[in-house]
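Understanding the architecture of this molecule
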Amino acid sequence: MCSSASVVRPVGLSGAGDPSGEVLREIPLPPYVTGEDAQFAARAVVVHAPQRWSGGTICRSEASPHPCRLHRWGRRVLVLHGLPPAEIDALIERGDPNAEPRPHRPGA
Ligand SMILES: [Zn+2]
């Protein structure tokens, strides 16, 4: 419990570079995953889906090695949202960026 990572919402994903010069390695996760976050994450993993390439698997969106940063972020958010990995894989396979990610609630 010593992580004091400053929590920043991923609003400026396409914004200009960080003035501190720090490289964005991992996108910070939201402190609490809202439905809106989950929706955005679902879109991220679908848009940044893996694509097979002769040299391996790449991101369909930006052609960087898969999983790219945004895909990893989306996956983690969806896991926090309560989606089992199988459900996330199914979401990616469906390829619908507007799919509504629902947390699994057994017995609900
Ligand atoms: Zn990507």
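The shown structure was predicted, so the numbers you read here are calculated from the model rather than taken from an experiment. Residue positions are given per chain, counting from 1 as you read along its sequence in written order. With pLDDT at 70 or above as the cut-off, local features in this predicted model cover only qualifying residues; side-chain atom pairs require 80 or more to be listed or tallied, and sums for whole chains, interfaces and linings still use all residues.

**Description of the packing of helix α1 (residues 35–47) against helix α2 (residues 69–80)**
What counts, and what does not: Working convention: axes come from line fits to C-alpha atoms, limited for helices to the stretch in contact. Angles between N-to-C directions cover 0 to 180 degrees. Only DSSP runs of H or I covering at least 4 residues are called helices, and only runs of E covering at least 2 are called strands; the numbering of each starts at the N terminus. Should an angle lie under 35 degrees it is considered roughly parallel, over 145 roughly antiparallel, and from 65 to 115 roughly perpendicular; all remaining angles are considered oblique. Two helices crossing with the near one rotated counterclockwise from the far one by less than a right angle form a left-handed crossing, whereas a clockwise rotation gives a right-handed crossing. Residues are scored as being in contact if the C-beta atoms we place from backbone atoms lie within 7 Å. Any residue outside Ala, Val, Leu, Ile, Met, Phe, Trp, Tyr, Cys, Pro, Asp, Glu, Lys and Arg is labelled polar, Gly included; the first ten of those are nonpolar and the last four are charged.
In the contact formed by α1 and α2, the axes pass within 8 Å of each other and the chain directions differ by 140 degrees. Here α1 is positioned oblique relative to α2, judged by the angle of their axes. Of the two possible hands of crossing, α1 and α2 adopt the one that is left-handed. Contacts from Asp 37, Ala 38, Ala 41, Ala 42, Ala 44 and Val 45 in α1 reach Leu 70, His 71, Trp 73, Gly 74, Arg 75, Val 77 and Leu 78 in α2. Looking at the contact of α1 with α2 residue by residue, the class counts come to 9 nonpolar, 2 polar and 2 charged.

**Here's the deal with the pairing of strand β2 (residues 56–59)**
Quick reminder of the rule: Only when DSSP finds a minimum of two bridges between them are two strands counted as paired.
Two elements, strand β1 (residues 50–53) and β2, share 4 bridges in a ladder whose sense is antiparallel. Looking at β2, one finds that Pro 50 is bridged to Cys 59.

**Things to note about the environment of Pro 31**
Going by this rule: Three exposure classes are used, based on other C-beta atoms lying within 10 Å of a residue's own C-beta, which is placed from the backbone: buried for 20 or more, exposed for 12 or fewer, and partly exposed in between.
In this structure, Pro 31 sits in the segment before α1. With 9 C-beta atoms packed within 10 Å, Pro 31 lands in the exposed category. In sequence terms Pro 31 and Leu 80 are 49 residues apart; their C-alpha atoms lie 10.0 Å from each other.

**Examining the nonpolar core**
Just so we agree on the cut-off: A set of buried residues drawn from Ala, Val, Leu, Ile, Met, Phe, Trp, Tyr and Cys, joined through C-beta atoms within 7 Å, is what defines a nonpolar core.
Judged by nonpolar contacts, the single largest core of 15 residues is most densely connected at Ala 38, Ala 41, Ala 42, Ala 44, Val 45, Val 77 and Leu 78. When residues of this core are traced back to their parent elements, those giving at least two are α1, α2 and α3 (85–94). No other element matches the 7 residues that α1 contributes to this core. In this structure Ala 44 touches Leu 70, His 71, Trp 73 and Gly 74, once residues within four positions along its chain are discounted.

**Focus on unusual backbone geometry**
For the bond from His 66 to Pro 67, the omega torsion is 0 degrees, close enough to zero to count as cis. Mapped onto the elements of the fold, Pro 67 is located in the loop between β2 and α2. Even without being a glycine, Ala 63 presents a positive backbone phi close to 60 degrees.

**Notes on the confidence of the model for the protein chain**
Parts of the model with low pLDDT should not have their predicted coordinates read in detail. Heads up, the rule is: What pLDDT reports is the predictor's confidence in each residue, on a scale of 0 through 100.
Looking at the protein chain, the pLDDT average stands at 83 and 73% of residues meet or exceed 70. Within the model, the stretch residues 11–18 combines pLDDT values under 50 with 1 contact to residues more than four positions away or in other chains.

**Digging into the packing of α1 against α3**
Two numbers describe how α1 lies on α3: the axes approach to 8 Å, and their chain directions differ by 60 degrees. Viewed along their axes, α1 and α3 adopt a mutual orientation that is oblique. Of the two elements, α1 crosses α3, and the hand of that crossing is right-handed. Taken together, the residues of α3 that come into contact with α1 (itself represented by Ala 42, Val 45 and Val 46) are Ile 88, Leu 91 and Ile 92. A per-class count over the contact of α1 with α3 returns 6 nonpolar, no polar and no charged.

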